[in-house]
Amino acid sequence: MSDLDRDRIDPWREHGLTTAEYELIIQLMGRKPNYGEMALFGIMWSEHCSYKNSRAQLRKFPTTGPQVIQGPGENAGVVDVGDGWGVAFKIESHNHPSAIEPYQGAATGIGGIIRDIFAVGARPIASLDSLRFGALDNNRTRRLLNGVVAGIAGYGNCLGIPTVAGEVYFHPDYQENPLVGAMSVGLVRVDRIFKGSATGVGNVVMVVGAKTGRDGIKGASFASEELSDSDTDKRPNVQVGDPFMEKLLLEATLEILDRGLVIGLQDLGAAGLTSSAAEMAGRAGNGLYLDIDKVPLREEGLTPWEIMLSESQERMLLVVDPIRVGDIQAVFDKWDLDAAAIGEVTGDGYFTVRKGQEILARVPAGLLTDQAPVNFRSVREPAYFKEKKKADFICEHEYGDVAELFKRLLASPNLASRRWIYEQYDHMVGLNTVGRPGGDAAVLRLPGGSRKGLALTVDCNSRYVYLNPRLGGAIAVAEAARNLAAVGARPLALTNCLNFGNPENPEIYWQFVQATDGLAEAARILDIPVTGGNVSFYNEYNGRPIPPTPTIGMVGLLDEIENRLTVDFKVSGDLIFVVGKTREELGASEVHYLLTGRDEGEVPELDLALALRLNQFLVVAAGRKLLRSAHDVAEGGLAVALAESALAGGLGVDLKIELDVSPPALLFGESQSRVVISVRPDRSGELETLARSFALPLTYLGVVGGRDFRLVAGGLALVVPLAELADLHQNSLARLAAL
Amino acid sequence: MRGRAVAAVLVFPGSNCDRDCARAWEAVTGQAADFVWHKETRLPDYDLLILPGGFSFGDYLRCGAIARFSPVIAEVKRLADRGHYVLGICNGFQILTEVGLLPGAMRRNRDLLFICRDVYLRVENIRTDFTCGYSTGAIISYPIAHGDGGFSIDSRGLRELQDKDRIVFRYAGPDGRVVAGGSPNGSLDEIAGIINGRGNVLGLMPHPERLAEAILGGDDGRVMFQSIFQTITGATV
């Protein structure tokens, strides 16, 4: 029995289509689809490719602004950074492959997002990673952590693209379904941005780069299912990365783009040739045919549909003028890569798959790309939402030895220095990394002797999102924006990586709707458009969902890179302040989790108007060189932020804090929109005036100096030698991660 | 000073510090460097060839093991034999040991992890044309970024490097002390960089080009490029 005339009961189920979807296909096509056509629909209508469960919600995001050159829908968003340059950027997840095979899953995640960036004609200049794992106290998590970090390092380092920033959190609910998000950022001349569009009837379709093999078949539908115990046999679904091949592909592709030899291009990602070709045709409103006999193969015996669905890495699809085919082949020849003409753009609107003269499938391209049913899923507020708001917080007298707790926090998996991870990444190659990992945001210089700086960050506190999805979604945006402002940069635009459980579960879908509503609201008020992103549903293991994790990747701009702010305290005698309001807020905090193992309580309030003023204040203060340091207050609260600034500068602090909240909330509460700053004593008057002009609360905390972390607040005194904190903070993750 | 370019950066497929080397060279000397593709078989008489860092040919085998067969290597040897300067940084150093222009070999880092961070180096020999701008025993900072940087060599080879003063850089602490076992990668005798007997071929694992401009966090690397440029052209920069 051949692939093509298979006639089994409910054959569409094999392709992940529901009966209703199958009937819709028959209605739209006016006939029954054959096996291959069903495979096309199965892939193109999967959540991964069609966003059928999320599209309605994503339309709520603000996507425009004077700085936006290219919004969602293309391979990557592009924002204007002046001087004729655009910054292309996008984040994407590679969760399920990384759960099965952490090294290759993470490596190919990096590889895929980097191809999206050079597909718009940009040279990738930086990567960021966003990782979530289970509790670190077990071997599987440590194996996953080591494998994922090594995979990102192995791929990115070899390519010579620095990994400059990232975030990682540990929580038991990610145990079997870790999250691996990769963000890539590239530079492109604004007049040389390429589109993934198959324009021009008669133009030639080429596949370039690696040969096609049997790896990663049906990765897209794999990504649209829940994981279960039986999934170790899905290892063949995981693609294998070859960063050397990607490096060759990158250089060859940029060379042909630079020489103007290409009309449109797109990377081959999920569902391989099928989705790339269909999307390129769909965007142009054209048809296109592919002849699978012409695809260079790595091995013999691949069936037509294995060729069409293979997710072999390091390949691109080009649309070129027929007279350029020879020039393109010459360039790829120089790099010892294949470049094969495999099809043509047609005017008939059909996506046609041929094997020689035999037609295997023929479907209107628009049906595949634009007609997937949009699902408006039902929502239900989960019972936990109200229950978890109630929590008994540990009272002051129950804290025991505060110094011990403080040390435990600084050494805990979620707060310890990430040095062990980022030192495995080449974060300097390219000679652009001015603000290295370890600060609030990475800062890169821009080309051509520009005085500007590009700031990059990625962030999400999923505990907040779990406990209050709407507020948590908004906080994720506000936090990312504050990271950028804390280095002195204006946020320009954001990309998101929306990781959730099974959307068919109304409680999960409620999380999704609430979180994206919060995200949209914050993006609107803070005036940060969304230029693209990725949705990853079905992040569950044996029915247990991950905490909702809408990760935000954000880019910002400094007018003068020399004015960038850093977290480290620099000079003894400088005065330390906190900007923003500290409230009696211990809900959803890291300290509460550390002490109780419970995610509960009210998520901290967020005043978006104040958040915006704080960001503006920081940009102005940086421009005036008013501040000696700035550091965002986040998980672990004021005490942890102060310790990080002290440790980064290798200078102690002497603090006497008077705030109208309980000592636990003062030290470890996570009130939003706060930044710890230090300033020269003779400029504190200027600081007070500026803070007042932005209507921001400013509280004096103490002075920089000495060798101890010394803090007095109310009846509480905390004194720890800095050297002791340094070891705990700097080396703890390496110890916890050791296999 | 001569008007033409004196330096070229070799580009192997998989080189990824080629642009960085050229950029640092230009930032320090004001002169553009040429790029030379690894398939070239005839080179002009460049005064300086830089073999940059990266992962030549992916380095899935021993680092540099494939690059040594590139056509351009014959030219590298020819120019080196005639006394022209050759500088191998990181993967470039690994390639030079594979080619045989420098002795020794690099092993996986002691902790089996890739390491990217600034390290302190003690300049052990300032009588080379690459390091003449440094002061004796200077403690400088260059970044390292490698997974295979543990320098190793047989005991005879090591003695020769020591006796002939061919160890140019050693890994040190911030106070300049070199401590046995104190290298980040497990290098024998804490060796970070060596020179050939004739004094015209230098290889080192740390990256001077990454800290040649103050905005990147330091400019200790500047002095190396100044030194060699000055030696070649007689011009100060």
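Residues numbered from 1 in each chain as written. Chains lettered and ligands numbered in written order. Predicted model: local features only at pLDDT ≥ 70, side-chain atom pairs only at ≥ 80, totals over all residues. Heavy atoms only, no water.

(A) Structural view of the overall build of chain B. Regarding its fold elements, chain B presents 5 helices and 11 strands. A compact globule built from 237 residues should have a C-alpha radius of gyration of about 18 Å, and chain B, at 16 Å, falls within 12% of that. For chain B, the spread of C-alpha atoms along the principal axes amounts to about 45 × 40 × 35 Å. Taken across its 237 residues, chain B has 61% of its residues classed as buried. Long-range contacts, defined here as pairs at least 24 residues apart, represent 76% of the contacts in chain B between residues at least 6 apart. Summing over all exposed atoms, chain B offers an accessible surface of approximately 8900 Å²; the carbon and sulfur share of this is 48%. (Helix = DSSP H or I, 4+ residues; strand = E, 2+ residues; numbered from the N terminus. Rg over C-alpha atoms; globule rule 2.2 N^0.38 Å. Buried < 20%, exposed > 50% of the residue type's maximum accessible area, 1.4 Å probe, protein only. Contact = heavy atoms within 4.5 Å. Areas by Shrake-Rupley, 256 points an atom, 1.4 Å probe, with all protein chains shown as cover.)

(B) The arrangement of the overall build of chain A in detail. Regarding its fold elements, chain A presents 25 helices and 28 strands. Projected onto its principal axes, the C-alpha positions of chain A cover 85 × 55 × 45 Å. By the burial criterion, 65% of the 739 residues in chain A qualify as buried. Look at the contacts in chain A between residues 6 or more apart in sequence, and 85% of them connect residues 24 or more apart. Taken as a whole, chain A presents about 24200 Å² of accessible surface, with 49% of it coming from carbon and sulfur. Side-chain charges in chain A split into 72 positive and 94 negative, and the spacing between the mean points of these groups amounts to 3 Å. (Lys, Arg positive; Asp, Glu negative; His and termini not counted. Charge placed at Lys NZ, Arg CZ, Asp CG, Glu CD.)

(C) Focus on the pairing of strand E28 (residues 716-721) of chain A. All names here are of chain A. Only one face of E28 is buried, namely the one carrying Leu716, Leu718 and Val720, since none of Ala717, Val719 and Pro721 on the opposite face is buried. Of the strand pairs in this sheet, strand E27 (residues 708-713) and E28 are connected by 6 bridges, and their pairing is antiparallel. Residue pairing in the sheet places Arg710 in a bridge with Val719 of E28. Taking the residues between adjacent antiparallel strands as the criterion, E27 and E28 are bridged by 2 residues, where Gly714 takes a positive phi near 60 degrees. (Pairing = 2+ DSSP bridges.)

(D) Layout of the pattern of salt bridges. Residue and element names in this part refer to chain A. Applying the stated criterion across every chain, the model contains 61 salt bridges over all chains. Between Lys355 and Asp293 there is a salt bridge; the shortest N-O distance is 2.9 Å. Of this pair, Lys355 sits in strand E12 (residues 350-355) while Asp293 sits in the loop between strand E9 (287-291) and helix H11 (304-309), and the two are 62 residues apart along the sequence. A cluster of three or more residues bridged by salt bridges with shared partners is formed by Lys60, Arg470, Asp517 and Glu521. (Salt bridge = Lys/Arg side-chain N within 4 Å of Asp/Glu carboxyl O.)

(E) How the structure looks around the sheet that holds strand E7 (residues 204-209) of chain A. Residues and elements named next belong to chain A. One open sheet accounts for 7 strands, arranged E8-E10-E7-E11-E9-E12-E13; its pairing is mixed. Lying at the two open borders of the sheet, with one neighbouring strand each, are strand E8 (264-267) and strand E13 (358-364). Strand after strand, the sheet turns through a mean of 20 degrees between neighbouring axes, direction not considered. (Axes fitted to C-alpha atoms, helices over the stretch in contact; angles between N-to-C directions.)

(F) Representation of the interface of chain B and chain A within the structure. The interface of chain B with chain A comprises 29 residues on the first partner and 32 residues on the second. Buried area between chain B and chain A, summed over both chains or domains, comes out near 2600 Å², and the portion from carbon and sulfur atoms is 55%. Counting the contacts that link chain B with chain A gives 6 salt bridges. The salt bridge partner of Glu423 of chain A is Arg117 of chain B, with a shortest N-O separation of 2.9 Å. Between chain B and chain A we count 16 residue pairs in polar contact (both at pLDDT 80 or more) in total. Counting residues per element, the ones that place at least two in the side of chain B that touches chain A are helix H1 (18-29), strand E6 (115-123) and strand E7 (139-146) of chain B. For the side of chain B that touches chain A, the per-class residue count stands at 16 nonpolar, 4 polar and 9 charged. (Buried area = accessible area lost by both parts, 1.4 Å probe. Polar contact = N/O pair within 3.5 Å; in protein donor to acceptor, adjacent residues only side chain to side chain. Nonpolar A, V, L, I, M, F, W, Y, C, P; charged D, E, K, R; others polar.)

(G) Representation of the sheet that holds strand E4 (residues 123-133) of chain A. Residue and element names in this part refer to chain A. Ordered in space as E1-E2-E3-E6-E4-E5, the 6 strands form an open sheet in which the pairing is mixed. In the strand order of this sheet, the two ends are held by strand E1 (68-70) and strand E5 (163-170), each with one partner. Strand-to-strand twist of the sheet, defined as the mean angle between neighbouring strand axes without regard to direction, takes the value 25 degrees. Along the sheet, helix H6 (residues 102-118) contacts strand E3 (85-93), E4 and strand E6 (179-189); its crossing angle with E6, the most-contacted strand, is approximately 25 degrees. Helix H7 (residues 139-159) contacts E4, E5 and E6 of the sheet and is inclined by roughly 175 degrees relative to E4.

(H) Unusual backbone geometry, seen in detail. Not every positive phi belongs to a glycine, and Asn542 of chain A is a case in point at roughly 50 degrees. By the element assignment, Asn542 of chain A lies in the loop between strand E19 (540-541) and strand E20 (544-545). Even without glycine at this site, Asp59 of chain B takes up a positive phi of about 50 degrees. Among the structural elements, Asp59 of chain B can be located in the loop between strand E3 (48-51) and helix H2 (72-81). Look at Asp59 of chain B and you get buried, because its relative accessible area is 13%.

(I) Broad picture of the domain arrangement of chain A. Domain annotation for chain A reports domain 1 (3-44) and domain 2 (378-416 + 565-739). Computed over C-alpha atoms, the centres of domain 1 of chain A and domain 2 of chain A are 56 Å apart. (Domains from an automatic or database assignment.)

(J) Helix H4 (residues 155-163) of chain B, seen in detail. All names here are of chain B. Within the span of H4, buried status applies to Gly157, Leu158 and Leu161. Looking straight down H4, one finds that the buried residues subtend no more than 100 degrees of arc, so they occupy a single side. Facing away from the buried side of H4, by more than 90 degrees, are the exposed residues Ser155, Arg156 and Asp163. The inward-facing, buried residues of H4 abut strand E8 (150-152), strand E9 (167-172) and strand E10 (191-195). Directly beyond the C-terminal end of H4, a positive phi value near 60 degrees is found at Asp165. (Arc of directions from axis to C-beta.)

(K) The arrangement of the packing of aromatic side chains in detail. Taken as a whole, this structure holds 19 aromatic pairs over all chains when the rule is applied. With a centroid separation of 5.0 Å and an interplanar angle of 65 degrees, the aromatic rings of Phe385 of chain A and Trp510 of chain A are classed as edge-to-face. Taken together, the positions of Phe385 of chain A in helix H14 (residues 384-387) and Trp510 of chain A in helix H19 (residues 506-525) put the pair 125 residues apart, joining distant regions of the chain. Residues Phe385 of chain A and Trp510 of chain A agree in their burial class; the two are buried. Centre to centre, the rings of Tyr142 of chain B and Phe169 of chain B are 5.8 Å apart; their planes meet at 55 degrees, and the pair counts as tilted. With Tyr142 of chain B in strand E7 and Phe169 of chain B in strand E9, this pair connects stretches of sequence that are 27 residues apart. Across the pair, exposure class does not vary: Tyr142 of chain B and Phe169 of chain B are buried alike. Residue placement shows Lys334 of chain A over the ring face of Trp37 of chain B; its charged tip is 5.0 Å from the ring centre. (Phe/Tyr/Trp six-rings, centres within 6.5 Å; stacked < 30°, edge-to-face > 60°. Lys NZ or Arg CZ within 6 Å of the ring centre and 35° of its normal.)

(L) Molecular detail of the packing of helix H22 (residues 637-649) of chain A against helix H25 (residues 722-737) of chain A. All names here are of chain A. Interaxial distance between H22 and H25 falls to 10 Å at its minimum, and their mutual angle equals 100 degrees. Taken together, the axes of H22 and H25 lie roughly perpendicular to each other. Contacts between H22 and H25 pair Glu644, Ala646 and Leu647 from the former with Leu722, Leu725, Ala726 and His729 from the latter. (Parallel < 35°, antiparallel > 145°, perpendicular 65-115°, else oblique.)

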